[in-house]
Amino acid sequence: MKKTLQVKNLTIGEGAPKICVSMTGKTLAELSEEATFLRKQELDIIEWRVDFFENVESIEKVHSALIEIRSFLPEIPLVFTFRTAKEGGEKELTKEAYFALNKQIIESGLVDFVDIELFNEESDIKRLIKLAHSHQTFVILSNHDFVKTPTIEEMVSRLRKAQALGGDLPKIAVMPKNSADVLSLLEATLTMTEKYADRPIITISMSGKGLISRLAGEIFGSAITFGAVKKASAPGQVPVKELKDVLSLLHKNL
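Conventions used here
Residues numbered from 1 in each chain as written. Predicted model: local features only at pLDDT ≥ 70, side-chain atom pairs only at ≥ 80, totals over all residues. Heavy atoms only, no water. Core = buried A, V, L, I, M, F, W, Y, C linked by side-chain atoms within 4.5 Å. Buried < 20%, exposed > 50% of the residue type's maximum accessible area, 1.4 Å probe, protein only. Contact = heavy atoms within 4.5 Å. UniProt positions renumbered as here; feature names shortened; annotations may be inferred. Helix = DSSP H or I, 4+ residues; strand = E, 2+ residues; numbered from the N terminus. Salt bridge = Lys/Arg side-chain N within 4 Å of Asp/Glu carboxyl O. Axes fitted to C-alpha atoms, helices over the stretch in contact; angles between N-to-C directions. Left-handed = near helix turned anticlockwise from the far one by under 90°. Nonpolar A, V, L, I, M, F, W, Y, C, P; charged D, E, K, R; others polar. Pairing = 2+ DSSP bridges.

Draft legend 1. Geometry of the nonpolar core. Residues M23, W48, V50, V62, F80 and L101 are the most contacted members of the largest nonpolar core, which totals 46 residues. In this structure, F80 is in contact with W48, V50, V62, L101, N102, I105, V111, F113, V114 and D115, ignoring residues within four places of it in sequence.

Have a look at this one:
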C-alpha cells in the first residue's frame, strides 16, 4: 500500500493534489513581502527557489534569509530548492557548493523539504538523504527536462530510481512538444503509481499544453501541483485560485 507523507498538518498522497507556490524574490525585502502575501493565500506548501536570491553564493546570507522567511511562515510546510541552470534554474553552483548549501540548510532544521536533483552522483545523493532524514527533513528527488519529453519507459525509470535512492517524493517535470507528449507523461504517472510507487510522486508536463497534468493529479497519481500567485516559476503554472477551484471540482466527482 502506498504511504502518505505527514508534514505538519498536511497529508501528502491522499485526496486532491496539494498546491505549492514558489517564492522567487531576489532580495530579502522582496522575500519578506512575498512571504507576508503568501501566508494569506489558499495554498498548502511554499517553495523557496533560492536560485533567484541575489546572495545565494553566501550560505550565511541564505541562512539568515531563511530565518526571516520562517518568522513569517512558521506553520506552512516549506521546500528549499536550488534549481540548477541545466534544469531550468537561474544560476549554477559547483557540485561542492550545491551540496554544502543543502547540507547547511538541512542542519538548520528550518525547512520541511529539500529538493535535490536526481542527476548527481548517487553517493552524494544518498549521504544527503541520510542527513535529511536524521533531521526529520523530507527529500524531493527531482529531474527537469525543459527541452523534451522522454519516453514513457525512461520517465518511469527515473521515478523508480529516485524512489530506490530513498527520495521521499520522486519528481519529474518535462516539456511537451505535442499532445502525445502530454499523454506520455500521464501514462508514465499512472504506470508508476499503479505498478511501482510505494510513496507519493510528483509529475508535471510543462507549458500551456501540459496544463492538464497540473490539474489531473488525483486521477493519474501526482500528489503535488505547482501554482502561481504573482510570478510563475515554471511554464504553465496557473493562478492558485483557479487551480484550487478545478482541483476541488475534480475531487468532488471522483
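That shown, we press on.
Draft legend 2. Representation of the UniProt feature "binding site: 3-dehydroquinate" (unreviewed entry) in the protein chain within the structure. Mapped onto the present numbering, the UniProt feature "binding site: 3-dehydroquinate" (unreviewed entry) falls at S22, E47, W48, R49, R83, R214, S233 and Q237. One can find E47 in strand 4 (residues 45–49). Aside from chain neighbours lying at most four places away, what touches E47 is C20, V21, S22, M23, V79, T81, R83 and F226. Position of Q237 relative to the elements: it lies in the loop between strand 10 (224–227) and helix 9 (240–252).

Draft legend 3. How the structure looks around the UniProt feature "active site" (unreviewed entry) in the protein chain. In the UniProt entry, the feature "active site" (unreviewed entry) is given for H144 and K171. In terms of the greatest pairwise C-alpha distance, the residues named above, spread along 28 residues, form a tight cluster of at most 8.4 Å across. Structurally, H144 can be placed in strand 7 (residues 138–145). The class for H144 is buried, based on a relative accessible area of 9%. Look past the residues within four positions of H144 in its chain and what remains in contact with it is R83, E87, K171 and A173.

Draft legend 4. Seen up close, the environment of T84. With respect to the helices, strands and loops of the structure, T84 is situated in the loop between strand 5 (78–81) and helix 3 (95–108). Of the residues examined, T84 reaches a relative accessible area of 3% and is grouped as buried. Remark: the alpha-carbon pair of T84 and I224, spanning 140 residues in sequence, is separated by 21 Å. Ignoring any residue separated from it by four or fewer positions in sequence, one finds T84 in contact with G89, K91, E92, Y98 and E117.

Draft legend 5. Just the pattern of salt bridges, in detail. Evaluated as defined, the whole model comprises 13 salt bridges. Taking the shortest distance from any N to any O, the salt bridge between E117 and R83 comes out at 3.2 Å. With E117 in strand 6 (residues 113–117) and R83 in the loop between strand 5 and helix 3, the pair connects residues that are 34 residues apart, well separated along the chain. Like R83, E117 is buried. Where K241 meets D245, a salt bridge forms, and the shortest distance between an N and an O atom there is 2.8 Å. A residue pair is termed a helical-turn pair when its members lie 3 or 4 positions apart in one helix, as K241 and D245 do in helix 9 at four residues. For D245, a relative accessible area of 43% corresponds to the partly exposed category. The network of salt bridges with common partners includes K8, R70 and D112.

Draft legend 6. Expanded view of the packing of helix 2 (residues 59–72) against helix 3. For the pair helix 2 and helix 3, interaxial distance at closest approach is 10 Å and the crossing angle is 35 degrees. By crossing handedness, the relation of helix 2 to helix 3 is classed as right-handed. Facing I59, V62, H63 and L66 of helix 2, the residues of helix 3 in contact are A100, L101, Q104, I105 and S108. The residue inventory of the contact of helix 2 with helix 3, partitioned by class, reads six nonpolar, three polar and no charged.

Draft legend 7. Just the pairing of strand 10, in detail. With burial as the criterion, each face of strand 10 is covered, one bearing I224 and F226 and the other bearing T225 and G227. As paired strands, strand 3 (residues 18–23) and strand 10 are joined by four bridges and run parallel to one another. Residue pairing across strands places V21 opposite G227, the latter belonging to strand 10.

Draft legend 8. Molecular detail of the environment of E194. Relative to the helices and strands, E194 resides in helix 6 (residues 179–196). The spatial distance from the C-alpha of E194 to the C-alpha of G221 is 8.4 Å, given a sequence separation of 27 residues.

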